[in-house]
Amino acid sequence: MTRITSTAITAAVLLLGGCATPYMKARAAENDQVAAVEESLAGQRYVAIGSSFAAGPMLPPAKPGAPVRCGQSMNNYPTLLAERFGMVLTDRSCSGATTNNVLGPWGDIPPQINSVTPQTRLVTVTIGGNDLNYIGNLFTATCLYRASQLPPGSKRAACGTVKVPTEVEYARDEMQMMEIARRIRTVAPRARLVFVQYLNPLPQPGSLCAATPISEEHAAIVRRIGLRLSEITGRVAQAYGAIVVEMNQSSAAHTPCDAVPWMIGSPEGYDGRQGLQWHLNFAGMQATANDIGWWLTRSGVKQTKPTVTVQPQSVPQGVPTIVVPPAVPGTAPTPKPSPTPTATPTASTGSGKPSRR
């Protein structure tokens, strides 16, 4: 079937003396949208915004030229994704960042959002967790648990307390994320906007293991924060027509207690070689890049490397993905095909389809 282009419709309008029918207008708008999504991102500008789940602290090798305190890795998901689609990456992800640090400066580090320009064609966002002490609570809970296991009379570290966010803090986090999305849409209206959910750091209730040394009481608090954060992220993505990549769901069978973990947890005696505890290992970063890539290709983005398999990451337990990153600093990571998926991710809108922008 021949597709009527917007150029052809314009010509027809001229023949009619400049009077476009409602049908013509609708077809022109429809075809302009199709043309917008059928594109390659090769050579286009990509800005990664986020906290440590995007940056990859202690995941080798470290990214040359990045602020040391941000802990960016050459194997974080923005880098893997940019390589796959041939994009020009501006990686602004920074460990410890809050929504304030996206919208405003953080000491000597400029606002992350400042790197978004009208020429930007892709923006990924993983933010909001530090505003609610999501991962910070895991470190505190680990400290408290290990202190509770010490013999009576032992010297104990000062651990602090596990914090439960107030409703005001949840509301502020959502408001800040809405503002981030609004400003991205305003500055870069042609950019695809992708919100990436935080991976699930804990197994289901009653399934904690040696790699997740916290109490069930504290685990319940962390799980609740994770649920609320995912709901907030979903609402923000829906409000601004963004794609949401539900890594919280696809990682549910890949917690530190599972056979193929995508997160490290805090095992006793861990040496830090695979990344910071309670953060993503290389398999987790690769799975995240794979899921984002799957949604991008589903929304119409052309791959620049047809040999790379981009699939949603529903990996059966016991089927290992890559768990050891390239060891040579500066070496570009090489994506590998994933096992055949058993399910596809769903969008927060409930439509089962990503928003197309």
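Please refer to the structure higher up on the page.
Criteria and thresholds
Residue indices follow the written sequence of each chain, beginning from 1 at its first position. Reporting of local features is limited, given that this is a predicted model, to residues whose pLDDT is at least 70; pairs of side-chain atoms are given and counted only at 80 or more, and all residues count toward the totals for whole chains, interfaces and linings. The side-chain numbers reported here are obtained from all heavy atoms of the structure, hydrogens and water having been left aside. Working definition of a nonpolar core: buried Ala, Val, Leu, Ile, Met, Phe, Trp, Tyr and Cys residues. They are joined through side-chain atoms within 4.5 Å. Exposed residues in this analysis have more than 50% of their type's maximum accessible area, buried residues have under 20%, and partly exposed residues fall in between, with area computed by a 1.4 Å probe over protein chains only. Where helices and strands are cited, they refer to DSSP runs of H or I of at least four residues and of E of at least two residues respectively, numbered from the N terminus. Only heavy atoms enter the contact rule, under which two residues are in contact if any of them lie within 4.5 Å. DSSP bridges decide pairing: two strands pair if at least two such bridges lie between them. Whenever a pair of cysteine sulfur atoms sits within 2.5 Å, that pair is classed as a disulfide.

Student: Teacher, can you tell me more about the nonpolar core here?
Tutor: Proteins that are soluble and globular tend to have nonpolar side chains buried together. Core analysis: the largest hydrophobic core is formed by 75 residues, its most contacted members being Ile49, Ile184, Phe195 and Leu296. Per-element tally for this core: the top contributor is helix 10 (residues 282-298), with nine residues. Residues in contact with Phe195, not counting those within four places in the same chain, are Val125, Met177, Ala181, Thr233, Val236, Ala237, Ala242, Ile243, Val244 and Val245.

Student: Looking at this model, I keep getting lost on the pairing of strand 5 (residues 192-196). Mind explaining?
Tutor: Within a regular beta strand, the side chains point alternately toward one face of the sheet and then the other, so they alternate between its two faces. Counting buried residues along strand 5, five of its five residues qualify, which places the element largely inside the surrounding structure. Burial along strand 5 is two-sided: Arg192, Val194 and Val196 and Leu193 and Phe195, pointing in opposite directions, are all buried. In terms of strand pairing, strand 4 (residues 120-126) meets strand 5 through four bridges, oriented parallel. Directly across from Val125, in strand 5, lies its bridge partner Phe195. Inspection of the sheet shows strand 5 paired to strand 6 (residues 243-245) by three bridges, in the parallel sense. Its bridge partner lying in strand 6, Phe195 is registered against Val244.

Student: Teacher, can you tell me more about the state of the cysteines here?
Tutor: As enumerated under the stated definition, the model contains three disulfides in all. Paired through a disulfide, Cys70 and Cys94 show a sulfur-sulfur distance of 2.0 Å. Taking the torsion about the sulfur-sulfur bond, which here is approximately -85°, the covalent link between Cys70 and Cys94 counts as left-handed. In this pair, Cys70 is assigned in the loop between helix 3 (52-55) and helix 4 (77-85) and Cys94 in the loop between strand 3 (88-91) and helix 5 (99-103), connecting sequence segments 24 residues apart. One exposure class covers both Cys70 and Cys94, and it is buried. In this model Cys209 forms its disulfide with Cys257; the gap between the sulfur atoms is 2.0 Å. Judged by the sign of its S-S torsion, about -90°, the cystine formed by Cys209 and Cys257 is left-handed. In this pair, Cys209 sits in the loop between strand 5 and helix 8 (216-239) while Cys257 sits in the loop between helix 9 (247-250) and helix 10, placing the two residues 48 residues apart along the sequence. Exposure remark for Cys257: the relative accessible area of 25% places this residue in the partly exposed category. Cysteine pairing in the protein chain follows 1-2, 3-4, 5-6, where each cysteine in a disulfide is numbered by its order in the sequence.

Student: What's the story with unusual backbone geometry in this structure? I'm lost.
Tutor: In most cases, non-glycine residues show a negative phi, while peptide bonds are predominantly trans. Looking along the chain, the bond that leaves Pro60 and enters Pro61 is cis, with omega of -10°. For Pro61, the position within the fold is in the loop between helix 3 and helix 4. Phi at Met58 is positive, roughly 70°, even though this residue is not glycine. Mapped onto the elements of the fold, Met58 is located in the loop between helix 3 and helix 4. Of note in this structure, Trp278 is not a glycine but carries a positive phi near 65°. Residue placement: Trp278 occurs in the loop between helix 9 and helix 10. On the basis of relative accessible area, Trp278 is assigned to the buried category, the value being 0%.

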